[in-house]
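Residue-level structural notes
Here is what each chain is made of, one letter per residue.
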Amino acid sequence: MVNIIEGLPESPMDGTIHATIYTMCTERDPFDYSKDLYERYQGVYNDYLSCRVLPAIQQKQDDVSMLQEFAKRWANHKVMVSKLCRFFDYLERYYIPRRQLPSLKDIGFSCFREIVYEKMKVRVRDAVIVMINREREGNEIDRALVKSVLEVFVEIGNENGKDNLDYHVNDFKTAFLSDSASSMLGKLLMGLRL
């Protein structure tokens, strides 16, 4: 799956993977590996996000390329979560409800949030605010990029099938409104001095 996300050809083994996971989850103890698969599912995200995704974003020197990488990695991550959820569908339908555990999608999103988002949110937020301020000054910006990045702030809190805008409000909107108010006040004071 990681190879697919990184741009390598897709494996024709999708059906085999699903069947193998089903078999591993439906055997009687001590051969029921549902718990192990559930734990390793999260481990795949932890390893991938820590070793590949976060470094790829952090190594970008300028704001635009960093934002592009951030938005691309989030889009790729959503695809990865979607595909892995299908592979591990048996866990989602039987193991998780019986144990009242977080869903596979929630695990995927929370891993991204904890490993990538929390480390990058301030730098990302500040870069977006700079771009918006440039546009206010009459410069052209990549609006599609800004929109893609802002969608991360909106989507990152979606858990249990419910929209949660707390991350958008707390991590972006509050700082954006504060910056906007400061800018307006600064322009007002500059106008009074003239």
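Residues numbered from 1 in each chain as written. Predicted model: local features only at pLDDT ≥ 70, side-chain atom pairs only at ≥ 80, totals over all residues. Heavy atoms only, no water.

**Here's the deal with the overall build of the protein chain**
Within the protein chain, the regular secondary structure consists of 8 helices and 0 strands. When the elements of the protein chain are put in sequence order from the N terminus, they spell out α-α-α-α-α-α-α-α. In the protein chain, once contacts between residues fewer than 6 apart in sequence are set aside, the share between residues at least 24 apart is 73%. Split by element, the accessible area of the protein chain, about 11600 Å² in all, is 53% carbon and sulfur. (Helix = DSSP H or I, 4+ residues; strand = E, 2+ residues; numbered from the N terminus. Contact = heavy atoms within 4.5 Å. Areas by Shrake-Rupley, 256 points an atom, 1.4 Å probe, with all protein chains shown as cover.)

**With respect to the pattern of salt bridges**
Under the definition given, this model contains 10 salt bridges. Across the pair Lys121 and Asp171 runs a salt bridge whose closest N-O atoms are separated by 3.6 Å. Highlighted residues: Lys121 in helix 6 (residues 104-136) and Asp171 in helix 8 (residues 166-193), separated in sequence by 50 residues. Neither residue differs from the other here; Lys121 and Asp171 are each classed as buried. (Salt bridge = Lys/Arg side-chain N within 4 Å of Asp/Glu carboxyl O. Buried < 20%, exposed > 50% of the residue type's maximum accessible area, 1.4 Å probe, protein only.)

**Focus on the nonpolar core**
Soluble globular proteins tend to pack their nonpolar side chains together in the buried interior. Grouped together as the largest cluster of nonpolar side chains are 51 residues, with contacts concentrated most on Phe70 and Val116. Those elements giving two or more residues to this core turn out to be helix 2 (14-26), helix 3 (34-58), helix 4 (63-87), helix 5 (89-99), helix 6, helix 7 (143-155) and helix 8. Looking at which element gives the most residues to this core, the answer is helix 6, with 15 residues. (Core = buried A, V, L, I, M, F, W, Y, C linked by side-chain atoms within 4.5 Å.)

**Some details on the packing of aromatic side chains**
Counted under the stated rule, the structure contains 11 aromatic pairs. Both rings, one in Tyr41 and one in Phe88, keep their centres 5.3 Å apart while their planes meet at 70°; by these two values the pair is edge-to-face. In this pair, Tyr41 sits in helix 3 while Phe88 sits in the loop between helix 4 and helix 5, placing the two residues 47 residues apart along the sequence. Note on Tyr41: relative accessible area 1%, which makes it buried. On the basis of relative accessibility, which here comes to 12%, the residue Phe88 falls in the buried class. Pairing Phe153 with Phe172 gives two aromatic rings, centres 5.5 Å apart and planes at 45°, and the pair type is tilted. Taken together, the residues Phe153 in helix 7 and Phe172 in helix 8 connect sequence positions 19 residues apart. One aromatic cluster is present, formed by Tyr117, Phe153, Tyr167, Phe172 and Phe176 through successive ring pairs. (Phe/Tyr/Trp six-rings, centres within 6.5 Å; stacked < 30°, edge-to-face > 60°.)

**Considering the confidence of the model for the protein chain**
Residues at a pLDDT of 70 or more form 87% of the protein chain, whose mean pLDDT is 86. The element-level mean pLDDT for the protein chain is lowest in helix 8, coming to 69, with helix 6 highest at 95. (pLDDT = per-residue confidence, 0-100.)

**Description of the environment of Asn46**
Here Asn46 is to be found in helix 3. Note: C-alpha distance between Asn46 and Gly108 (62 residues apart in sequence) is 9.2 Å. Excluding its chain neighbours within four sequence positions, the residues that come into contact with Asn46 are Cys111 and Ile115.

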